[in-house]
Structure formats: C-alpha cells, structure tokens
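Coordinate analysis (summary)
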Amino acid sequence: MGGKYFQESGVTRHTENPIYTIRTMQEHISDPDGSPAFGVWEGGWLGVLGKQLEDHNEFHRRWWVLDSLGVSHIE
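So, a few notes on the structure that sits alongside this text. No experiment lies behind these values; they were computed from the predicted model shown.

Counting its regular elements, the chain contains 3 helices and 0 strands. The linear arrangement of helices and strands in the chain, starting from the amino end, is α-α-α. For the chain, the spread of C-alpha atoms along the three principal axes comes to 35 × 30 × 25 Å. The buried share of the chain, reckoned over its 75 residues, is 17%. Averaging the positions of the 6 positive and the 11 negative side-chain charges in the chain gives two centres separated by 5 Å.

Structure follows, in structure tokens:
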C-alpha cells in the first residue's frame, strides 16, 4: 500500500464510511514487485461490489489466514 493512500486513510478514518474503505482498499495494495495485487472493478454496482468483497477476502487469506493455519495454500 502506498504511503499517500495509507496516510489519507488514517486522516479520514473518523469521517470515511468504513464499508467504502473495506470495499476499495484492495485497489491500493501492491505485490512486493510493485505490481497491483488486485484489480479495479468496473460495471454494475452489484457485480463490482461482489468482486471487491472477493478481493477483500483474498487479501486477508494471503495476508494472515494461511500463515495462521500453518499452510501455504488452500485448495
């Protein structure tokens, strides 16, 4: 996550809708090589919302769930 986005998130955390932050945070996450870890979704609101929430779950799975389970992947 870029420093500018991280700082903005901290500054606006008291006024920003937390659901919006949960939905859109993944769009600002990068892989170690600097490439985007997740895409930016476009289309109808219901389809976009579904994909954003899938990305949110995947972010947590990659970040800490697999490690806490002691596995490298789940099939």
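Our next topic: the nonpolar core. General note: in soluble globular proteins, nonpolar side chains tend to be found buried as a group. Core analysis: the biggest nonpolar cluster contains 6 residues, these being Tyr-5, Met-25, Ile-29, Ala-37, Phe-38 and Phe-59. Once residues lying within four places of it in the same chain are set aside, the contact partners of Phe-38 are Gln-26, Ile-29, Asp-55, Glu-58, Phe-59 and Arg-62.

Once that is clear, we can look at helix H3 (residues 45-69). In this model, H3 (25 residues) spans 34 Å end to end at C-alpha, consistent with the 36 Å of a helix rising 1.5 Å per residue. The axis of H3 is deflected most strongly, by about 50 degrees, at Arg-61. Of all the positions in H3, only Val-48, Gln-52, Asp-55, His-56, Phe-59 and Leu-66 are classed as buried. Packing partners of the buried residues in H3 comprise helix H2 (18-24).

What counts, and at which threshold
- Residues numbered from 1 in each chain as written.
- Predicted model: local features only at pLDDT ≥ 70, side-chain atom pairs only at ≥ 80, totals over all residues.
- Heavy atoms only, no water.
- Helix = DSSP H or I, 4+ residues; strand = E, 2+ residues; numbered from the N terminus.
- Buried < 20%, exposed > 50% of the residue type's maximum accessible area, 1.4 Å probe, protein only.
- Lys, Arg positive; Asp, Glu negative; His and termini not counted.
- Charge placed at Lys NZ, Arg CZ, Asp CG, Glu CD.
- Core = buried A, V, L, I, M, F, W, Y, C linked by side-chain atoms within 4.5 Å.
- Contact = heavy atoms within 4.5 Å.
- Expected span 1.5 Å × (residues − 1).
- Bend = angle between axes of the 7 residues up to and from the residue.

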